[in-house]
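Remarks on the overall topology
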Amino acid sequence: MTTPIALTIAGSDCSGGAGIQADLKTFAALGVYGASVITALTAQNTKGVAGIHQVPAEFVTAQIEAVFSDLAVGAVKIGMVAELAVIGAIADGLAKWRPKHVVLDPVMVATSGDRLLKADAVEALRTKLIPQASLITPNLPEAAALLEESIATDESSVASQGRRLLGFGAGAVLIKGGHGQGPQSIDYLVTEAGTVPLPAPRVATKNTHGTGCSLSSAIAAGLARGDDMGTAVRKAKAWVSAAIAAADRFSVGHGHGPIHHFHTYY
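Residues numbered from 1 in each chain as written. Predicted model: local features only at pLDDT ≥ 70, side-chain atom pairs only at ≥ 80, totals over all residues. Heavy atoms only, no water.

**Quick look at helix α8 (residues 229-245)**
- The first and last C-alpha atoms of α8 sit 24 Å apart over 17 residues, in line with the 24 Å expected at 1.5 Å per residue.
- For α8, the set of buried residues is Gly230, Ala232, Val233, Ala236, Lys237, Trp239, Val240, Ala243 and Ile244.
- Against the buried residues of α8 lie α1 (19-29), β6 (135-136), β7 (173-175), β8 (184-191), β9 (194-201) and α7 (211-225).
- Of the residues flanking the start of α8, the one acting as N-cap is aspartate 228, its side-chain oxygen 3.1 Å from the backbone nitrogen of glycine 230. (Helix = DSSP H or I, 4+ residues; strand = E, 2+ residues; numbered from the N terminus. Expected span 1.5 Å × (residues − 1). Buried < 20%, exposed > 50% of the residue type's maximum accessible area, 1.4 Å probe, protein only. Contact = heavy atoms within 4.5 Å. Polar contact = N/O pair within 3.5 Å; in protein donor to acceptor, adjacent residues only side chain to side chain.)

So this is what it looks like as C-alpha cells:
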C-alpha cells in the first residue's frame, strides 16, 4: 500500500484555525499523511495576530532536509513564508528535491487584516517561489498586490490578472473570489488553456479563519492522491465550501472563528 504524503511549509497558528494546524487537519480529513516545515511561530487567535517569531532560515532548511530525505512527498503546500531569507531557503530546497507538485498560497495578510509577509520579501516571492509552483492561489487583493495593480472587479479583469500572473512562471493560477461581492463566491482557475470559473454559494458567516490555508492544502492533498490539477481544485473547492457552511456548528473564540475541517465526521 502506498501512503499519499503531503508536506506543508508554513507558519504556526497557536489557536489552531489557520497555518500549519489547518493544513494538517485538512490533510487528515482528506486521507493524506501530513508532514510539516514550520517557517514562523505566530501568537494569534480568532481576533488577530499579536506577534510573529521567525524561524531561522538554516533551521527551515534542516526541516526540509529531514522530511525529503526520508518521506516520499507527493505534494507540497507553501503558506506563510514571512521573510526574505526563509524564501531563499525554501526555494533552494525545492530546487534540490524537485517535488512533483507545489501549491503556493501567497499569504500576505491574515483574515484579521494583519500583515504576514514583509514588504521586501514580495519580490523574492515573485522571482524565486512562483516559478517553481505548479499552482498559486492568491485571493483578489493578493493577486492585485503581486501585480502592483488595482483589485479586479469583474470576470474579464480577474482573467486578465490571472494570465499576467502565469507570466511569473507558475503552471496555473487560482484566483479566489471570497473577497468579492454577490450571492456566489467565484474562484477562477487560469491556465494556458483558458479561464474556468468555479462558483459556489456565498455563505453568510464570520467564521472563515483559515479558509485560504485549507483550500490550498486540500488541493495539495488531491495532487498527492493522484488527482490531476483540475480535479484537485474542484474537489478542494467543494470540500472547503462545505467546511465554511458547517463553521457555525462551532463556537470557537470571539472573532473570526475557524472553518469546520471535520464536517464530514461530526
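**Concerning the side chain of threonine 8**
- You can see threonine 8 is positioned in strand β1 (residues 5-13).
- Exposure remark for threonine 8: the relative accessible area of 0% places this residue in the buried category.
- A distance of 2.6 Å separates the side chain of threonine 8 from the side chain of aspartate 23, its partner in a polar contact.
- Among residues more than four places away in sequence, those in contact with threonine 8 are Ile20, Asp23, Leu24, Phe27, Ala35, Ser36, Val37 and Lys77.

**Concerning the pattern of salt bridges**
- Under the counting rule described, the total for this entry stands at nine salt bridges.
- Aspartate 23 is the salt-bridge partner of lysine 77, the closest N and O atoms lying 2.9 Å from each other. Here the residue lysine 77 occupies a position in strand β4 (residues 75-78), and aspartate 23 occupies one in helix α1, the gap between them amounting to 54 residues.
- Take lysine 77: its relative accessible area is 1%, and that puts it in the buried class.
- A salt bridge links glutamate 148 to arginine 126; the nearest nitrogen and oxygen atoms lie 3.7 Å apart. Pair noted here: glutamate 148 is in the loop between α5 (140-147) and α6 (155-166) and arginine 126 is in helix α4 (residues 122-129), with a separation of 22 residues, a long-range link.
- Several salt bridges converge on common partners, so that one network encompasses Glu123, Arg126 and Glu148. (Salt bridge = Lys/Arg side-chain N within 4 Å of Asp/Glu carboxyl O.)

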